[in-house]
Amino acid sequence: MRVFCASLATETNTFSPLRRDITDFEHSFYAGPGDHPETPTLCSAVFPALRRRATSDAFKLIEGTATWAEPGGLVSQATWERLRDEILEQTRAALPLDAVVLGLHGAMIADGCVDCEGALMSAIREIVGPDCKIGATFDPHSHLSDLRVRCADVITVFKEFPHTDFVEAAEACVELTLCAARGEIAPDIQVFDVRMIDILPTTREPMRGFVDRMKALEEKGEVLSVSAIHGFMAGDSPDLGAKIVVITDNDPSRGARLSQDLGMELFSFRGRATPEFLDSREALARAGRARAGPVVIADVWDNPGGGVAGDSTIVLRQALDMGLTRAALGTIWDPMAVRLCFAAGEGSEFDLRFGGKTSAHAGQPIDARVKVTRLVRDAVQSFGASIVPLGDSAAIRIGDMDIVLNTNRSQAFSPDLFTNLGIDIAQKHVLIVKSTNHFHGAFAPVASEILYAAVDGPYPNNPRETAYKRLECALWPISQDPHGIRQKEIMMKNFPTFPKLNAQ
């Protein structure tokens, strides 16, 4: 048996001022054929999973390119076409193939291509033919198009948010795709459109129990796989919104019933799954009054994982104005400030301007006398078994506030974001991180309390006010009745420029 794997992944915030080209992929993660590290990355964990199986199952594994760019704005057309064609040429060279396994994100949008993953899968299907089995992994913050479902035999999605189970999702995809290629199963994919877009962290109820029930269905053998797409509200896609994906062994009627039942249960969670979002000043004041620390404050909308720059100074300036003590913030993306810190050297004190460079909504730059406390070339942080590059990074201090400045944009995943830069979190009363929920898994064990601070900025966090231009069906909360007969009337009233509506 011959199996090919490749990975092309990023998350596109179509409202972000950041534009991306090939350098963003090269700086974040790029591995040519055979060069993928033994450690998995978020969207390329299928590589080490397949390597282990190739050793035990004795099939021929042909590796293609694996690459990932940190979330940001639109990908240039030239970059998309270059990476797409690179993988397609590798696919042709690997023929004949019994299976293809792809590590994708699912929310990549480029100039000239709204559904990059669907276009890639469709082109691969045309090359390999109808008998070859195609499996793909997706991030739940993605757009699941009909084209992708038609081209795939297997789709698995990370169940957890934060995505602590990305390795398990890859292993499940590999297992089911190999079983299908050997003729041991006949996977049938059924999808239910939940018609909702919301923030759905799985670290709290009701999503915690929902994920546990999905896992139980798989463990009991009632389905081959069940997944929930949450959707990505910062991507202007015609396939925006939550979906339920159920894979059975050639039992489409059961899959359709179960996907609808689970989908309507998920729909019932609308508006009550999101944690309490506080005004940032209130969150800082509450953290300052806390009896024990460290209190973790998440700056949820200046999250580089959502495609924004991560250089907002709003919360930092508020914390400095309030005189917050024993505090640290990570990170502020500012390559020029990092370069100046390296030029000045560890232990130096000098006047530095940093942050607030890429958006009118991210606050003004900070001008302050800073002390450079640590400099690290090619700094990293961890995310489960994955290593996340921060690039050259500097820790600076203003009064009693330590701040991490980085060169490669990244949201906060782990406390080693601070400790790798010499910041002792055990001595801190407040830790401010830029992340929506991916920080939770690693920070929860060390936090006395976790607070979520919402500051309006370049991330479009209210779908009712976001100027979507490609949306084709009613979604909650834009419509309060997306599954009802009034949806067309509501959508046309609120968004008369939308091209079409799938009313039912």
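Now for a look at the structure at hand. Everything numeric in this text was worked out from a predicted model, so none of it was measured.

## Observations regarding the overall build of the chain
For step 1, the next point in the chain: A count of helical and extended segments in the chain gives 14 helices and 18 strands.
For step 2, the next point in the chain: In terms of overall size, the chain behaves like a compact globule, its C-alpha atoms giving a radius of gyration of 23 Å where 504 residues would be expected to give roughly 23 Å.
For step 3, the next point in the chain: Taken along the three principal axes of its C-alpha coordinates, the chain extends 65 × 55 × 40 Å.
For step 4, the next point in the chain: For the chain, buried positions account for 62% of its 504 residues.
For step 5, the next point in the chain: Considering only contacts within the chain whose residues lie at least 6 apart along the sequence, 74% involve residues at least 24 apart.
For step 6, the next point in the chain: Here the chain displays about 18900 Å² of accessible surface, and carbon together with sulfur accounts for 48% of that area.
For step 7, the next point in the chain: Charged side chains in the chain number 51 positive and 66 negative. The centres of these two groups are separated by 3 Å.

## Quick look at the state of the cysteines
For step 1, the next point in the chain: Enumeration according to the criterion identifies zero disulfides in this entry.
For step 2, the next point in the chain: Between Cys 116, a cysteine without a disulfide, and Cys 113, which holds the nearest cysteine sulfur, the sulfur-to-sulfur distance is 3.9 Å.
For step 3, the next point in the chain: Here Cys 173 stays free of any disulfide, with the sulfur of Cys 5 as its closest cysteine sulfur at 11 Å.
For step 4, the next point in the chain: Its relative accessible area of 0% is what places Cys 173 among the buried residues.

## Here we look at the pairing of strand S14 (residues 366-383)
For step 1, the next point in the chain: Sheet topology places strand S13 (residues 349-354) next to S14; six bridges connect them, and they run antiparallel. Its bridge partner lying in S14, Leu 352 is registered against Ala 368.
For step 2, the next point in the chain: The pairing of S14 with strand S15 (residues 386-398) spans 10 bridges and is classified as antiparallel. Directly across from Val 372, in S15, lies its bridge partner Ile 396.

## Focus: the sheet that holds strand S9 (residues 243-249)
For step 1, the next point in the chain: As summarised here, the arrangement of the three strands in space is S7-S9-S8, forming an open sheet in which the pairing is antiparallel. Every other strand in the sheet has two partners, leaving strand S7 (187-193) and strand S8 (225-229) as the edge strands with one partner each. Within the sheet, the average angular offset between the axes of one strand and its neighbour, ignoring direction, is 15°.
For step 2, the next point in the chain: Bridge analysis of S8 against S9 gives five bridges, and the strand direction is antiparallel. Across the sheet, Ile 229 pairs through a bridge with Lys 243, a residue of S9.

## A closer look at the layout of surface pockets
Where empty space is left becomes clear once a probe the size of a water molecule has been rolled over the atoms.
For step 1, the next point in the chain: Here the largest pocket is characterised by a volume of approximately 550 Å³.
For step 2, the next point in the chain: Taken together, 37 residues form the lining of the largest pocket, with Leu 42, Pro 71, Gly 305, Gln 411 and His 438 sitting closest to its centre.
For step 3, the next point in the chain: With four residues, S15 is the single largest residue contributor to the lining of the largest pocket.
For step 4, the next point in the chain: When grouped by side-chain class, the residues that make up the lining of the largest pocket number 19 nonpolar, 14 polar and four charged.

## Quick notes on the sheet that holds strand S5 (residues 133-138)
What holds strands together in a sheet is hydrogen bonding between their backbones, with the strands either parallel or antiparallel.
For step 1, the next point in the chain: Strands sit in the order S2-S3-S1-S4-S5-S6 across an open sheet of six strands; the sheet is mixed. Edge positions in the sheet fall to strand S2 (29-31) and strand S6 (154-157), since each of these pairs with one other strand and no more. Along the sheet, successive strands turn relative to each other by an average axial angle of 15°, direction set aside.
For step 2, the next point in the chain: Here three bridges tie S2 to strand S3 (residues 60-68), and the two strands are oriented antiparallel to one another.

## Description of the pattern of salt bridges
Should the charged atoms of two oppositely charged side chains come close, the side chains can pair.
For step 1, the next point in the chain: Considering all chains together, one arrives at 29 salt bridges under this definition.
For step 2, the next point in the chain: Notably, a salt bridge pairs Arg 213 with Glu 265, separated by 2.3 Å at the nearest N-O pair. Taken together, the residues span a long stretch of sequence, with Arg 213 in helix H7 (residues 207-219) and Glu 265 in helix H8 (residues 252-267) at a distance of 52 residues.
For step 3, the next point in the chain: Looking at Arg 213, the relative accessible area reads 38%, which means it is partly exposed.
For step 4, the next point in the chain: In this structure, Glu 282 and Arg 286 form a salt bridge, with 3.5 Å as the shortest nitrogen-oxygen distance. With Glu 282 and Arg 286 both in helix H9 (residues 280-289), this residue pair falls four residues apart, about one helical turn.
For step 5, the next point in the chain: Exposure remark for Glu 282: the relative accessible area of 38% places this residue in the partly exposed category.

## Let's talk about empty space enclosed by the protein
For step 1, the next point in the chain: Across all of its chains, the model carries one cavity of 30 Å³ or more by this definition.
For step 2, the next point in the chain: In this structure, the largest cavity spans a volume of roughly 50 Å³.
For step 3, the next point in the chain: Lining the largest cavity we find Asp 299, Trp 301, Asp 302, Ser 312, Ile 314, His 361, Ala 362, Val 455, Asp 456, Gly 457 and Pro 458.
For step 4, the next point in the chain: The residue makeup of the lining of the largest cavity, split by class, is five nonpolar, three polar and three charged.

## Things to note about the pairing of strand S18 (residues 449-453)
In regular strands, side chains alternate between the two faces of the sheet.
For step 1, the next point in the chain: Across two bridges, strand S10 (residues 277-278) lies against S18 in parallel orientation. Bridging across to S18, Phe 277 finds its partner in Tyr 452.

## Describing the nonpolar core
Inside soluble globular proteins, nonpolar side chains tend to come together where they are buried.
For step 1, the next point in the chain: Formed by 75 residues in total, the largest nonpolar core has its most connected members in Trp 80, Val 100, Leu 102 and Ile 124.
For step 2, the next point in the chain: A total of nine residues in this core trace back to one element, the largest contributor, which is helix H6 (residues 166-181).
For step 3, the next point in the chain: The residues contacting Leu 102, other than those within four sequence positions of it, are Ala 6, Val 46, Met 121, Ile 124, Ile 134, Gly 135, Ala 136 and Thr 137.
For step 4, the next point in the chain: Counting residues in each nonpolar core, the second largest holds 37 residues, with Ala 319, Phe 342, Phe 350 and Leu 451 among its members.

## Remarks on H8
For step 1, the next point in the chain: Taking 1.5 Å per residue, 16 residues should reach 22 Å; H8 reaches 22 Å between its end C-alpha atoms and fits that length.
For step 2, the next point in the chain: Burial in H8 covers these residues: Gly 255, Leu 258, Ser 259, Leu 262, Gly 263, Leu 266 and Phe 267.
For step 3, the next point in the chain: Buried residues along H8 sit against S7, H7, S8 and S9.

The rules behind the values
- Residue numbering note: each chain is counted from 1, following its sequence as written.
- Restriction of local features to residues with pLDDT of at least 70 applies here, the model being predicted, together with a cutoff of 80 or more for giving and counting side-chain atom pairs; totals for whole chains, interfaces and linings are based on all residues.
- Side-chain metrics in this entry use all non-hydrogen atoms of the structure; hydrogen atoms and water are not considered.
- Elements are defined by DSSP. Helices are runs of H or I of four residues or more, strands are runs of E of two residues or more, and each kind is numbered from the N terminus.
- Atoms considered for the radius of gyration are the C-alpha atoms alone. The globule rule reads 2.2 Å times the number of residues to the power 0.38.
- Between buried and exposed lies partly exposed: a residue is buried under 20% and exposed over 50% of the maximum accessible area for its type, with that area taken using a 1.4 Å probe on protein chains only.
- Contacts: residue pairs with any heavy atoms within 4.5 Å of one another.
- For the accessible areas, the method is Shrake-Rupley and the probe is 1.4 Å, while residue cover comes only from the protein chains on display.
- Positive charges are assigned to Lys and Arg, negative charges to Asp and Glu, while His and the chain termini are left out of the count.
- By convention, charge coordinates are those of NZ in Lys, CZ in Arg, CG in Asp, or CD in Glu.
- The criterion for a disulfide is a pair of cysteine sulfur atoms lying within 2.5 Å.
- One bridge is not enough; two strands pair if DSSP finds at least two bridges between them.
- Inter-axis angles, ranging from 0 to 180 degrees, are taken between N-to-C directions of lines fitted to C-alpha atoms, where helices are fitted over the stretch in contact.
- Here a cavity denotes a set of grid points, spaced 1 Å apart and computed over the protein atoms alone, in which a 1.4 Å probe fits but from which it cannot get out, and a pocket denotes an open set meeting protein on both sides within 12 Å along at least five of seven lines; residues with an atom within 4 Å of a point are reported as lining.
- Grid points are joined across faces, edges and corners, and a volume is the space filled by probe spheres set on the points.
- For this scheme, ten residues count as nonpolar: Ala, Val, Leu, Ile, Met, Phe, Trp, Tyr, Cys and Pro. Four count as charged, namely Asp, Glu, Lys and Arg, and the remainder, Gly too, count as polar.
- The salt bridge definition used is simple: a Lys or Arg side-chain nitrogen within 4 Å of an Asp or Glu carboxyl oxygen.
- Residues belong to a common nonpolar core when they are buried Ala, Val, Leu, Ile, Met, Phe, Trp, Tyr or Cys residues joined through side-chain atoms within 4.5 Å.
- Between the first and last residue of a helix there are one fewer steps than residues, each counted as 1.5 Å, and that sum is the expected span.

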